[in-house]
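Residue-level structure breakdown
Read off the chains here:
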Amino acid sequence: RPENLSRVASAVNDLSASYQWDGENEMAARLSGEVIRLSGAAGERNPVRLGLRYFNHGKNLKSTGQFDEAEAALRKSLELFEGALGPNHFHNTFPLRELQEIVRRQGELRVPEAVAITTRARDIASAMFGPDHDQALLMTMHLASALTEVGEADKAVPLLEQTSLAYQERYSESATITI
């Protein structure tokens with residue numbers, strides 16, 4: 001029955017996450033692939049849930065070096081998130097972050113594409129949370145790295161300085177922490 005298959009997919013997803021956490025990447029990738037299959041057989045219609053499942057599968061495939069398959073899964077995740085939540089929702093930054101890493105690993109011809117992907121992820125995070133939010137700062141660091149790879153260190157240095165200053169202000173010893 002479809003509702004039972006959906007429950008099984010959720011259980012297998014949890015199991016996959018535990019293998020991922022333990023660093024058993026091959027098993028995590030096999031299980032997350034099974035989650036995708038079970039979700040399809042169950043007729044899963046929730047695009048955000050499916051997007052998260054494709055995202056997890058893409059991450060697992062990336063960790064095993066299966067970059068082409070990982071890229072396809074992450075692009076499917078992004079498509080599902082964009083369709084359900086719109087092009088500027090924060091969930092889109094998850095597959096974008098992983099995609100930029102995969103694209104950068106596939107050679108210098110694809111690094112400009114990685115710059116565009118990373119710029120988009122940084123812009124989404126900055127718009128949603130502000131430019132000094134941890135997620136925006138993380139994507140800014142990824143962007144600086146990608147810019148350096150395409151020979152645009154002059155653009156990367158100010159981004160790294162901005163990021164460093166934001167972290168210093170937030171985490172310096174003189175900063176007060178309120179709970």
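Here's a quick rundown of the structure.

What counts and what doesn't
Residues numbered from 1 in each chain as written. Predicted model: local features only at pLDDT ≥ 70, side-chain atom pairs only at ≥ 80, totals over all residues. Heavy atoms only, no water. Helix = DSSP H or I, 4+ residues; strand = E, 2+ residues; numbered from the N terminus. Buried < 20%, exposed > 50% of the residue type's maximum accessible area, 1.4 Å probe, protein only. Phe/Tyr/Trp six-rings, centres within 6.5 Å; stacked < 30°, edge-to-face > 60°. Expected span 1.5 Å × (residues − 1). Contact = heavy atoms within 4.5 Å.

Some words on the overall build of the protein chain
Scanning the protein chain from N- to C-terminus turns up 8 helices and 0 strands. Secondary structure elements in the protein chain, listed N-terminal to C-terminal, are α-α-α-α-α-α-α-α. Overall, the protein chain is about 55 × 45 × 35 Å in size when its C-alpha atoms are taken along their principal axes. Across the 179 residues in the protein chain, those meeting the buried criterion constitute 40%.

Notes on the packing of aromatic side chains
Tallied over the full model, the rule gives 4 aromatic pairs. Between the aromatic rings of F90 and F129, the centroid separation amounts to 4.7 Å while the plane-to-plane angle is 80°, which identifies the pairing as edge-to-face. With F90 in the loop between helix 4 (67–85) and helix 5 (93–105) and F129 in helix 6 (residues 111–129), the pair connects residues that are 39 residues apart, well separated along the chain. Judged by its relative accessible area of 12%, F90 falls in the buried class.

A few points about helix 2 (residues 25–41)
Its 17 residues give helix 2 an end-to-end C-alpha distance of 24 Å, which sits within 8% of 24 Å, the value for a rise of 1.5 Å per residue. Turning to helix 2, its buried residues number three or more, namely A28, A29, L31, S32, V35, I36, L38 and S39. Directly beyond the C-terminal end of helix 2, a positive phi value near 75° is found at G43.

Description of the environment of P47
Looking at where P47 falls in the secondary structure, it is placed in helix 3 (residues 47–63). Distance in space between the C-alpha atoms of P47 and F81 is 6.8 Å, their sequence separation being 34 residues. In contact with P47, not counting residues within four places along its chain, are L80 and A84.

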